[in-house]
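# Coordinates in review
So you can see what is in the structure, the chains are spelled out below.
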Amino acid sequence: MSLGIFGFQALWSPYFILALVFITAVYFLVTVKWRDSFKESVPLTRKEAVYFILAMILLYAIKGSPVEVMSTILFSAHMTQMALLYLVVTPLIILGIPNWIWKAAINFPAVKPVFKFMTKPLIALLTFNITFSIYHIPLVFDNVRTDVTLHGLATVILFLFALFMWWPLINPADEDIDLSGLKRIGYILGSAVLLTPACGLIIFAENPLYAPYYDPQEFMKSLALCVPVDTLQGLTLTGPELFTSMSTLNDQQLGGVIMKIIQEIVFGVLLFNLFFQWYRKDLERQESQSYDPIVDPAPTE
């Protein structure tokens, strides 16, 4: 059965793309046209603009395109969506927003103490990974995926916790956090380890865990979160098997594998970048030590 039965609005989310276009327009107005109105502002760099635009495009691709509907049909699509949202989009948004905007936002009296506590490396690391694991407990997942309020609340909370988790690594505007060298490697490896139990539970489960992907009634409730009710009322659906030949268990196992693979790729890129920075600094240090102004005076004309 084709996804086209759900209609244009459900598949392409026109209101969502309008919201993202509006956010992007405000972003460029604040960072370019209205920048002079803010103290300590600096010109927007091309890299920051590219990061932000990429974040908006990817955000629409995983939350506004047919991927959103697919995530209610296939658990593997859901896990791909989760991995990209919290492991790719979040750091892109942090890097895309200029430091002076972050500083202004963080320094609000109501925000500063909360942000300072939640971005402590150990707190940030544990909070996101524990919350992510709790989210994928079957009882919690089944209720969140079939209730629009709980689903929206869980998405926002996980996004904020992902932002806190990434902050100590990217740290664009917070001079109080010192996470460098081996600490940074330990932080990355710790995050990879803490996410493993949740993925392991999903991958090695002997039976399907999540009712929205095997129970017809729960499946329809889950679809109602992204498909208009009047569209669903005209359809007779019994479950995800109408859209895929893959078994529910295999789909679930694939979802766990995808989540872990994307995490390993993202953290692998971080580690490679970290080692490259170390290599470059070491090379610069050697070059600076190779020239001694006393032994090798500068040539004269």
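All values derive from a computational prediction rather than experimental measurement.

### Remarks on the packing of aromatic side chains
Counted under the stated rule, the structure contains 19 aromatic pairs. Where Y27 meets F52, the ring centres are 3.8 Å apart and the plane angle is 0°; that geometry is what we call stacked. A residue pair is termed long-range when its members are at least 10 positions apart, and Y27 in helix α2 (residues 14–33) and F52 in helix α3 (residues 46–63) qualify at 25 residues. Each member of the pair Y27 and F52 is classed as buried. For the pair F115 and W167, a centre-to-centre distance of 5.0 Å together with 90° between the ring planes defines the contact as edge-to-face. Placement of F115 in helix α7 (residues 112–118) and of W167 in helix α10 (residues 148–170) is noted, with a sequence separation of 52 residues between them. W167 matches F115 in its accessibility class, with the two residues each being buried. Members of the aromatic cluster, joined through ring pairs, are F75, Y135, F141, Y210 and Y213.

### Regarding the environment of L160
By the secondary structure assignment, L160 is in helix α10. A residue is classified by how much of its surface remains accessible, and L160, at 39% relative accessible area, is partly exposed. Here the alpha-carbon distance between L160 and D282, two residues 122 residues apart in the chain, equals 36 Å.

### A look at the side chain of H151
Mapped onto the fold, H151 is located in helix α10. For H151, a relative accessible area of 12% corresponds to the buried category. In contact with H151, other than residues within four places in its own chain, are K63, E68, V144, R145 and L225.

### Description of the pattern of salt bridges
Tallied over the entire structure, the rule returns 4 salt bridges. One salt bridge in this structure joins K221 and E218, with 3.4 Å as the shortest N-O distance. In this pair, K221 and E218 are both assigned in helix α12 (residues 216–223), 3 residues apart and thus about one turn of the helix distant. Note on K221: relative accessible area 44%, which makes it partly exposed. Of the residues examined, E218 reaches a relative accessible area of 18% and is grouped as buried.

### Side note on the confidence of the model for the protein chain
Scored by pLDDT, the protein chain has a mean of 90; 94% of the residues are at 70 or more. Mean pLDDT in the protein chain bottoms out at helix α13 (residues 229–233), which sits at 87, and peaks at α3, which reaches 97.

### Comments concerning a nonpolar patch on the surface
Among the surface-exposed residues, L122, L126, I130, I134, I137, L139, V140 and L194 lie close enough to one another that they form a single nonpolar patch of about 680 Å² accessible area. Of all the elements in the fold, those that place two or more residues in the nonpolar patch are α8 (121–135) and α9 (138–144). The dominant element in the nonpolar patch, judged by the number of residues it contributes, is α8, at 4 residues. With respect to the helices and strands, L122 occurs in helix α8.

### So, the side chain of S41
Examined against the element boundaries, S41 turns out to sit in the loop between α2 and α3. Judged by relative accessible area, which is 16%, S41 ranks as buried. Of the polar contacts made by the side chain of S41, one reaches the backbone oxygen of F38; its length is 3.1 Å. Not counting the four nearest positions on each side in its chain, S41 is found in contact with R35 and W100.

### Digging into α3
Spanning 18 residues, α3 covers 26 Å between terminal C-alpha atoms, matching the ideal 26 Å at 1.5 Å per step. Taken together, the buried positions of α3 are E48, A49, F52, A55, M56, L59, Y60, I62 and K63. The inward-facing, buried residues of α3 contact α1 (7–12), α2, α4 (66–73), α5 (75–96), α6 (99–106) and α10.

What counts and how
- Residues numbered from 1 in each chain as written.
- Predicted model: local features only at pLDDT ≥ 70, side-chain atom pairs only at ≥ 80, totals over all residues.
- Heavy atoms only, no water.
- Phe/Tyr/Trp six-rings, centres within 6.5 Å; stacked < 30°, edge-to-face > 60°.
- Helix = DSSP H or I, 4+ residues; strand = E, 2+ residues; numbered from the N terminus.
- Buried < 20%, exposed > 50% of the residue type's maximum accessible area, 1.4 Å probe, protein only.
- Contact = heavy atoms within 4.5 Å.
- Salt bridge = Lys/Arg side-chain N within 4 Å of Asp/Glu carboxyl O.
- pLDDT = per-residue confidence, 0-100.
- Patch = residues over 30% accessible without salt bridge, like charges linked within 9 Å, V, L, I, M, F, W, Y side chains within 5 Å.
- Areas by Shrake-Rupley, 256 points an atom, 1.4 Å probe, with all protein chains shown as cover.
- Polar contact = N/O pair within 3.5 Å; in protein donor to acceptor, adjacent residues only side chain to side chain.
- Expected span 1.5 Å × (residues − 1).

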